[in-house]
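# Structural overview for review
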Amino acid sequence: MMSKDKLVFITVGTTEFSGLIKIVISNEQFISNLKSLGYRRVIVQVGRGELVPDDEIVKTYASYGITFDWYRFKPTLLDDFQAADLIISHAGAGTVLEVLRLQNKKLIICVNNSLQENHQCELADALSEKKYCLATVPESLCETLIESKHAFTALVPFPSVNHDLFPNYLDQML
């Protein structure tokens, strides 16, 4: 049986997050770290940012034995989330919760630390403290990636949704 190449999916959602994209397309240490962890495919969703991959970055990844694809938007990222062995995501609440609800997905939240009054830090830190995922900023992503090899073993599953909780509460109140 042929083994599937390990896939990293990186998403910035509908926003612009040049800090994350810059690491992915211009930092050879990041690429080297992916290779050392056994990843052989990278797909990047770049959103509406001006910084986008070019043919040179595709060649650079290929020189490490990693295939590289990218796109701006899709109607849904669910297929990419499900196919990925590792997801590196911006700290948008919708994206993060969608990934965590999939169960058993390795998630690194990368906080856009250039935003003012950054609520993303609070979300990422809270989820990381509860051991649902790892959290970092673009400048520390390479180190977090290497640490993830051992850190992922300490994570716990995100609680599943209890669809009866709210209706039961309403029944009790009425």
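Use the structure listed above.
Overview of the structure. (Residues numbered from 1 in each chain as written. Predicted model: local features only at pLDDT ≥ 70, side-chain atom pairs only at ≥ 80, totals over all residues. Heavy atoms only, no water.)

When you go through the chain residue by residue, the secondary structure sums to 8 helices and 6 strands. If you list the helices and strands of the chain from N to C, you get β-α-α-β-α-β-α-β-α-β-α-β-α-α. The globule rule puts the C-alpha radius of gyration for 174 residues at 16 Å, and the 17 Å found for the chain is close to it. Oriented by its inertia axes, the alpha-carbon framework of the chain measures out at about 65 × 45 × 30 Å. (Helix = DSSP H or I, 4+ residues; strand = E, 2+ residues; numbered from the N terminus. Rg over C-alpha atoms; globule rule 2.2 N^0.38 Å.)

Residues Leu86 and Ile88 of strand S4 (residues 86-89) are buried on one face, and the alternating residues Ile87 and Ser89, pointing to the opposite face, are buried as well. Across 4 bridges, the pairing between strand S1 (residues 6-11) and S4 is parallel. By the bridge assignment, Phe9 is partnered in S4 with Ile87. Across 4 bridges, the pairing between S4 and strand S5 (residues 106-110) is parallel. (Buried < 20%, exposed > 50% of the residue type's maximum accessible area, 1.4 Å probe, protein only. Pairing = 2+ DSSP bridges.)

What follows is about the layout of surface pockets. Reported here for the largest pocket is a volume of approximately 200 Å³. In terms of lining, the largest pocket is formed by Val99, Leu100, Gln103, Asn104, Lys105, Lys106, Tyr132, Phe152, Leu155, Val156, Pro157 and Phe158. Computed from the structure, the second largest pocket encloses a volume of approximately 160 Å³. Around the second largest pocket, the lining residues are Gly13, Thr14, Thr15, Gln45, Phe73, Lys74, Pro75, Thr76, Leu77, His90, Thr95 and Glu98. Taken together, the residues of the lining of the second largest pocket break down into 3 nonpolar, 7 polar and 2 charged. (1 Å grid on protein atoms, 1.4 Å probe; cavity = no way out; pocket = protein on both sides within 12 Å on 5 of 7 lines; lining within 4 Å. Points joined across faces, edges and corners; volume = space filled by probe spheres on them. Nonpolar A, V, L, I, M, F, W, Y, C, P; charged D, E, K, R; others polar.)

A cluster of nonpolar side chains, contributed by Phe166, Tyr169, Leu170, Met173 and Leu174, occupies part of the molecular surface with about 620 Å² of accessible area. Here Leu174 falls in the exposed class, since its relative accessible area comes to 88%. (Patch = residues over 30% accessible without salt bridge, like charges linked within 9 Å, V, L, I, M, F, W, Y side chains within 5 Å. Areas by Shrake-Rupley, 256 points an atom, 1.4 Å probe, with all protein chains shown as cover. Salt bridge = Lys/Arg side-chain N within 4 Å of Asp/Glu carboxyl O.)

All right, on to the nonpolar core then. In terms of nonpolar packing, the biggest core is built from 31 residues, with Phe30, Tyr61 and Ile88 touching the most fellow members. Listed by contribution, the elements that provide at least two residues to this core are S1, helix H1 (18-26), helix H2 (28-36), strand S2 (39-45), helix H3 (55-63), S4, S5 and helix H7 (141-151). Counting residues per element, this core draws most heavily on H1, which supplies 5 residues. Ignoring any residue separated from it by four or fewer positions in sequence, one finds Tyr61 in contact with Val24, Phe30, Ile31, Leu34, Val42, Ile66 and Phe68. (Core = buried A, V, L, I, M, F, W, Y, C linked by side-chain atoms within 4.5 Å. Contact = heavy atoms within 4.5 Å.)

Now for the packing of aromatic side chains. Applying the stated rule across the entire model yields 4 aromatic pairs. Note on Tyr61 and Phe68: the rings are 4.6 Å apart at their centroids and 35 degrees apart in plane angle, and the pair reads as tilted. According to the relative accessible area criterion, Tyr61 is buried, its value standing at 0%. Its relative accessible area of 5% is what places Phe68 among the buried residues. Pairwise contacts between aromatic rings join Phe9, Tyr71 and Phe81 into one cluster. The ring of Tyr39 has Lys6 lying over it, and the distance from NZ or CZ to the ring centre is 4.4 Å. (Phe/Tyr/Trp six-rings, centres within 6.5 Å; stacked < 30°, edge-to-face > 60°. Lys NZ or Arg CZ within 6 Å of the ring centre and 35° of its normal.)

Time to look at unusual backbone geometry. You will see that Asn104, though not glycine, has its phi angle at about 60 degrees, which is positive. Within the secondary structure, Asn104 is located in the loop between helix H5 (93-100) and S5.

The next thing to look at is the sheet that holds strand S6 (residues 134-136). Paired through backbone hydrogen bonds, the strands of a sheet run either parallel or antiparallel to each other. The strand order across the open sheet built from 6 strands is S3-S2-S1-S4-S5-S6, with neighbouring strands paired in parallel fashion. Each edge of the open sheet carries a strand with a single partner, namely strand S3 (67-71) and S6. Between one strand axis and the next, the sheet turns by 15 degrees as a mean value, whatever way the strands run. Bridging between S5 and S6 involves 3 bridges; their strand directions are parallel. Bridging from a neighbouring strand, Cys110 pairs with Thr136 of S6. (Axes fitted to C-alpha atoms, helices over the stretch in contact; angles between N-to-C directions.)

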